[in-house]
Amino acid sequence: MTVVTIHKAKTTLSQLIKRVEAGEVIEIARGSTPVVVLKPVQVGADSHPPVKKRVPGSMSHLAGSIPDSAFFDPLPEKSMRIEYETQSSSPSQRRSSSSGKGSK
(Lines give C-alpha, C1' and ligand atoms only; values in the text may rest on other atoms or scores of the structure.)
Protein backbone atom coordinates (compact mmCIF):
# COMPACT_ATOMS: atom_id res chain seq x y z
CA MET A 1 0.00 0.00 0.00
CA THR A 2 1.33 3.41 -1.02
CA VAL A 3 1.32 6.20 1.59
CA VAL A 4 1.22 9.88 0.55
CA THR A 5 0.85 13.08 2.56
CA ILE A 6 -2.23 15.28 2.33
CA HIS A 7 -0.22 17.96 0.52
CA LYS A 8 1.02 15.53 -2.13
CA ALA A 9 -2.48 14.04 -2.47
CA LYS A 10 -3.94 17.49 -3.13
CA THR A 11 -1.34 18.32 -5.78
CA THR A 12 -1.48 14.93 -7.54
CA LEU A 13 -5.11 13.89 -6.97
CA SER A 14 -5.92 13.08 -10.59
CA GLN A 15 -2.85 10.80 -10.87
CA LEU A 16 -3.76 9.10 -7.58
CA ILE A 17 -7.30 8.49 -8.84
CA LYS A 18 -5.93 6.85 -12.01
CA ARG A 19 -3.77 4.56 -9.87
CA VAL A 20 -6.74 3.67 -7.65
CA GLU A 21 -8.88 2.94 -10.74
CA ALA A 22 -6.16 0.53 -11.80
CA GLY A 23 -6.65 -1.35 -8.54
CA GLU A 24 -4.04 0.17 -6.23
CA VAL A 25 -4.95 1.12 -2.65
CA ILE A 26 -3.46 4.43 -1.46
CA GLU A 27 -3.28 5.71 2.10
CA ILE A 28 -3.29 9.46 2.78
CA ALA A 29 -1.49 10.58 5.92
CA ARG A 30 -1.41 13.75 7.98
CA GLY A 31 2.29 13.87 8.71
CA SER A 32 3.07 10.24 9.57
CA THR A 33 -0.45 9.39 10.80
CA PRO A 34 -2.69 7.65 8.24
CA VAL A 35 -6.14 9.29 8.05
CA VAL A 36 -7.76 8.16 4.78
CA VAL A 37 -7.63 5.15 2.48
CA LEU A 38 -8.38 5.54 -1.22
CA LYS A 39 -9.57 2.32 -2.76
CA PRO A 40 -11.58 1.37 -5.85
CA VAL A 41 -15.36 1.34 -5.58
CA GLN A 42 -16.92 -2.10 -5.83
CA VAL A 43 -19.00 -2.19 -9.00
CA GLY A 44 -21.74 -4.76 -9.19
CA ALA A 45 -25.05 -5.85 -7.76
CA ASP A 46 -23.95 -5.47 -4.14
CA SER A 47 -22.21 -2.11 -4.50
CA HIS A 48 -25.23 0.09 -3.70
CA PRO A 49 -28.29 -0.52 -1.54
CA PRO A 50 -31.43 -1.08 -3.58
CA VAL A 51 -33.38 2.08 -4.31
CA LYS A 52 -37.04 1.88 -3.41
CA LYS A 53 -39.17 2.94 -6.35
CA ARG A 54 -41.50 5.88 -5.86
CA VAL A 55 -45.15 4.97 -5.98
CA PRO A 56 -47.71 7.56 -7.09
CA GLY A 57 -50.28 8.15 -4.37
CA SER A 58 -48.09 6.85 -1.56
CA MET A 59 -48.87 9.99 0.46
CA SER A 60 -52.63 9.74 -0.08
CA HIS A 61 -53.14 8.99 3.62
CA LEU A 62 -52.35 12.67 4.22
CA ALA A 63 -55.11 13.88 1.91
CA GLY A 64 -57.61 15.98 3.81
CA SER A 65 -55.43 16.38 6.90
CA ILE A 66 -54.12 19.77 5.71
CA PRO A 67 -56.99 22.09 4.77
CA ASP A 68 -56.83 23.97 1.49
CA SER A 69 -57.33 27.18 3.46
CA ALA A 70 -53.77 26.81 4.76
CA PHE A 71 -52.55 27.56 1.24
CA PHE A 72 -55.24 29.47 -0.61
CA ASP A 73 -56.89 31.84 1.90
CA PRO A 74 -55.46 35.36 2.08
CA LEU A 75 -53.32 36.26 5.06
CA PRO A 76 -55.03 38.08 7.94
CA GLU A 77 -54.83 41.89 7.83
CA LYS A 78 -52.64 41.98 10.96
CA SER A 79 -50.00 39.73 9.36
CA MET A 80 -49.97 41.82 6.21
CA ARG A 81 -49.58 45.04 8.24
CA ILE A 82 -46.67 43.64 10.26
CA GLU A 83 -44.91 42.40 7.11
CA TYR A 84 -45.41 45.74 5.33
CA GLU A 85 -44.14 47.74 8.31
CA THR A 86 -41.08 45.51 8.64
CA GLN A 87 -40.18 45.93 4.97
CA SER A 88 -40.82 49.68 4.80
CA SER A 89 -38.92 50.74 7.93
CA SER A 90 -35.20 51.46 7.72
CA PRO A 91 -32.72 49.26 9.61
CA SER A 92 -32.05 52.01 12.17
CA GLN A 93 -35.80 52.37 12.87
CA ARG A 94 -36.14 48.60 13.35
CA ARG A 95 -33.23 48.53 15.81
CA SER A 96 -34.60 51.36 17.92
CA SER A 97 -38.15 49.97 17.98
CA SER A 98 -37.01 46.42 18.81
CA SER A 99 -34.67 47.51 21.61
CA GLY A 100 -37.54 48.75 23.77
CA LYS A 101 -35.89 52.14 24.37
CA GLY A 102 -38.12 54.05 22.01
CA SER A 103 -40.68 56.64 23.14
CA LYS A 104 -44.22 55.58 23.97
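In the block above lies the structure referred to throughout.
A. Highlighting the overall build of the protein chain. Across its full length, the protein chain holds 5 helices and 3 strands. Ordered by position from N to C terminus, the α and β elements of the protein chain give β-α-α-β-β-α-α-α. When each of the 104 residues of the protein chain is scored for burial, the buried share is 9%. At a minimum sequence separation of 6, the contacts of the protein chain that also span at least 24 residues come to 25%.

B. View of the pairing of strand β3 (residues 33-38). Relative to β3, strand β2 (residues 26-30) runs antiparallel, the two being bridged by 5 bridges. From the neighbouring strand, Ala29 faces β3, where its bridge partner is Pro34. The hairpin formed by β2 and β3 contains 2 residues between the paired strands, and Gly31 there has a positive phi angle of roughly 70°.

Procedures and definitions
Residues numbered from 1 in each chain as written. Predicted model: local features only at pLDDT ≥ 70, side-chain atom pairs only at ≥ 80, totals over all residues. Heavy atoms only, no water. Helix = DSSP H or I, 4+ residues; strand = E, 2+ residues; numbered from the N terminus. Buried < 20%, exposed > 50% of the residue type's maximum accessible area, 1.4 Å probe, protein only. Contact = heavy atoms within 4.5 Å. Pairing = 2+ DSSP bridges.

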